[in-house]
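As a plain string of letters, each chain reads:
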Amino acid sequence: MPLELNCTPELGHLRSTVRRFVRDRLEPIALAIDATGQVPDHAIAEMRGQGYLGMRLPPEQGGGGFDLSTYCLVMEEVARSHRVFTLMMDASSGLTPIAISRFGTPAQQDKYLRKLADGSWIAAFGLTEPGAGSDAAAIRTLAQPCEGGWRIHGVKHYISGAHRAQVIMVIARTDPAKGAKGGITAFLVERGTPGFHVDRVDKTIGSDPIELAELRFDDCFVPHDAVLGQVGQGFAIAMSSLTSGRMGVSSACIGTADRLLELAVEHVKVRSTFGQLLADRQAIQWMLADSATELAHARSLAYETLRRIDAGQDPGPATSMVKLYCSEMAGRVADRAVQIFGGAGLIRGVPVERFYRDVRHYRVGEGSSEVQRMLIARDLLK
Ligand SMILES: Cc1cc2nc3c(=O)[nH]c(=O)nc-3n(C[C@H](O)[C@H](O)[C@H](O)COP(=O)(O)OP(=O)(O)OC[C@H]3O[C@@H](n4cnc5c(N)ncnc54)[C@H](O)[C@@H]3O)c2cc1C
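Counting starts from 1 at the beginning of each chain's written sequence and moves along it residue by residue. Side-chain atom pairs in this predicted model are given and counted only at pLDDT of 80 or more, local residue features only at pLDDT of at least 70, and totals for whole chains, interfaces and linings cover all residues. Only hydrogens and water are removed before side-chain values are computed, so all heavy atoms of the structure are retained for them.

1. A short note on the overall build of the protein
In step 1: Check the secondary structure of the protein and you find 11 helices and 10 strands.
In step 2: Its C-alpha atoms give the protein a radius of gyration of 21 Å, within 12% of the compact-globule value 21 Å for 382 residues.
In step 3: Reported as C-alpha extents along the three principal axes, the dimensions of the protein are approximately 80 × 50 × 40 Å.
In step 4: Across the 382 residues of the protein, 52% fall into the buried class. Helix and strand definitions follow DSSP, with helices as H or I runs of at least four residues and strands as E runs of at least two, each counted in order from the N terminus. What the globule rule says is 2.2 Å times the number of residues to the power 0.38, and the radius of gyration is computed from C-alpha atoms. Think of it in three bands: residues with accessible area under 20% of the maximum for their type are buried, residues over 50% are exposed, and the middle band is partly exposed, with areas taken using a 1.4 Å probe on protein chains only.

Laid out in structure tokens, this is it:
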């Protein structure tokens, strides 16, 4: 039985409801995605029907008005099925929607949030560039003021789902002399804006539908009302989105690891070698015990941090610790699960193999393990 998030009966009930939905409705879709590499059209409708899109946006903006703990609990449960469902939650209630909700003008909120909350539009988050990944403040995309607005020039890459998104939050330099403090601004750029091109779509080690786009802004004009927040506030907006984003990623790691451990336990109870079940072998038991212990540790760290965030307390470097620990834990649990399954864990498209590839993203995306360690150490040494 997992440690319970904040232990309230409501959250316990929600977990059971989501788990049933994931098993009955999302699992068949996950198997279809494995078989075809395509996400069927009704997948998003299933998520919308349950209220799992736009969960963190306020009700007056078309969202569910849930706190971060509740969002993360649902994220954890849907991650037991397929990473695609976690991305749907993120595109409707993650980095960009939350930034619009917190920093957008009423007109921007009206324009975007209802469509994002019901999944009819998708938002992407455009920060990384070929010359600026971990060192995000080194971005070179430039936005220059002009009559009526701004002209954006530059390239972004590895932007999740941006080729399908209707709106992208683009982080650009507006005052090269000032750098991250005051010299970077966030813009909301819509698909179809002249000068905005999708040059490439990359597949990754992960499952087929997870694609990253390379975007080019070639003298791309956006009006003044495309600025999100204040001019010069863009780096702080991006970093504040990433702080709560780390908790979502961590919850996906916990959910995936939980499912992998469950699959491994089921497998060892039926697979015999040398006349005995794998479940009776101490070498196998120890792998399961290590995974269970690390999973429990990840949950304690994540749930305590969520409790502090929802209570309005500053979590400090705890979000980095959670992201670091959960993403590395998921990698170890996935590796052990593949080992326990043997050849059956390496066949393309079976869930264990697919989870193994998908969890590899988590140690790089939304701030790599090294960047999280850097942030934790910076706090220790300040
Ligand atoms: C699946 C996936 C989805 C993504 N989606 C998005 C998205 O939607 N939007 C977006 O803007 N970006 C996105 N990214 C990009 C992601 O944020 C970057 O890949 C990440 O920040 C690392 O940057 P990089 O790839 O340029 O690696 P680099 O910055 O070149 O780093 C390479 C390696 O060096 C390490 N390293 C770097 N600096 C240091 C240091 N000072 N000390 C020690 N080690 C260091 C890094 O940890 C890494 O291991 C995504 C990436 C992935 C994998």
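2. Side note on the nonpolar core
In step 1: Take the buried Ala, Val, Leu, Ile, Met, Phe, Trp, Tyr and Cys residues and link them wherever side-chain atoms come within 4.5 Å; each set so joined is a nonpolar core. Within the largest apolar cluster, 59 residues are counted, with the highest numbers of intra-cluster contacts made by Leu-26, Met-47, Val-74, Val-78, Phe-85, Met-89 and Met-329.
In step 2: Residue assignment for this core shows that the elements contributing at least two residues are α1 (9-36), α2 (42-49), α3 (68-78), α4 (83-93), α7 (234-268), α8 (282-310), α9 (318-341) and α10 (351-359).
In step 3: Note that domain bounds follow an automatic or database assignment of domains. Each of two domains, domain 1 (9-117) and domain 3 (236-381), supplies a minimum of three residues to this core.
In step 4: Counting residues in each nonpolar core, the second largest holds 27 residues, with Leu-57, Ala-117, Ala-186 and Ile-237 among its members.

3. Some points on α9
In step 1: Here, expected helix span is obtained from the residue count minus one, scaled by 1.5 Å. An ideal rise of 1.5 Å per residue puts 34 Å on 24 residues; α9 measures up with 34 Å between its terminal C-alpha atoms.
In step 2: Counting buried positions along α9 gives 19 out of 24 residues, so the element sits mostly inside the fold.
In step 3: A positive phi of about 60° marks Gly-342, the residue just after α9.

4. Thoughts on the site of the ligand
In step 1: We call a residue near a molecule or strand when any one of its heavy atoms sits within 4 Å of it. For the ligand, the set of nearby residues contains 14 residues, the closest of which are Phe-125, Thr-128, Ser-134, Ser-368 and Glu-370.
In step 2: Here a polar contact is taken to be a pair of N or O atoms separated by no more than 3.5 Å, where protein atoms must pair a possible hydrogen donor with a possible acceptor and residues adjacent in sequence count only if both atoms sit in side chains. Between Ser-134 and the ligand, the recorded distance is 2.7 Å, taken from a side-chain N or O atom to an oxygen atom.
In step 3: For the ligand, a nitrogen atom lies 2.8 Å from a polar atom in the side chain of Ser-160.
In step 4: Note on areas: Shrake-Rupley with a 1.4 Å probe; residue coverage comes only from the protein chains shown. Coverage of the ligand by the protein amounts to 63% of the 970 Å² it exposes when considered alone.
In step 5: Of all the secondary structure elements, the ones that give two or more residues to the shell around the ligand are β3 (149-160) and α11 (369-381).
In step 6: Broken down by element, the shell around the ligand gets its largest block of residues, three residues, from β3.

5. Some words on the environment of Met-321
In step 1: Take Met-321: it is sitting in helix α9.
In step 2: We call two residues in contact whenever any of their non-hydrogen atoms come within 4.5 Å of each other. Leave out the neighbours within four places in its chain, and Met-321 touches Leu-301 and Ile-376.

6. Overview of the side chain of Asp-358
In step 1: Turning to its location among the elements, Asp-358 is positioned in helix α10.
In step 2: Charge convention: Lys and Arg are scored as positive, Asp and Glu as negative, and His as well as the terminal groups of each chain are ignored. The working definition used for a salt bridge is a side-chain nitrogen of Lys or Arg within 4 Å of a carboxyl oxygen of Asp or Glu. No salt bridge forms around the buried Asp-358; measuring N to O, its nearest opposite-charge neighbour Arg-354 is 5.0 Å away.
In step 3: Only 2.7 Å separates the side chain of Asp-358 from the backbone nitrogen of Ser-207, close enough to count as a polar contact.
In step 4: In this structure, Asp-358 is in contact with His-82, Arg-83, Gly-206, Ser-207 and Ile-210, ignoring residues within four places of it in sequence.

7. Structural notes on the packing of aromatic side chains
Note on aromatic pairs: each is described by the distance of the centres and the angle between the planes.
In step 1: Side-chain rings of Phe, Tyr and Trp, where Trp is taken by its six-membered ring, are said to pair if the distance between their centres is within 6.5 Å; with planes under 30 degrees apart they count as stacked, over 60 as edge-to-face, and otherwise as tilted. In total, this model carries four aromatic pairs according to the counting rule given.
In step 2: Ring centres of Trp-150 and Phe-187 lie 5.6 Å apart, and the angle between their planes is 65°; on these two criteria the pair is classed as edge-to-face. On the criterion of sequence distance, the pair formed by Trp-150 in strand β3 and Phe-187 in strand β5 (residues 184-190) is long-range, its members being 37 residues apart. Like Phe-187, Trp-150 is buried.
In step 3: Aromatic side chains Phe-196 and Phe-217 sit 5.2 Å apart centroid to centroid with 10° between the ring planes, which places their arrangement in the stacked category. Of the two residues, Phe-196 sits in strand β6 (residues 196-203) while Phe-217 sits in strand β7 (residues 211-223), which places them 21 residues apart along the sequence.

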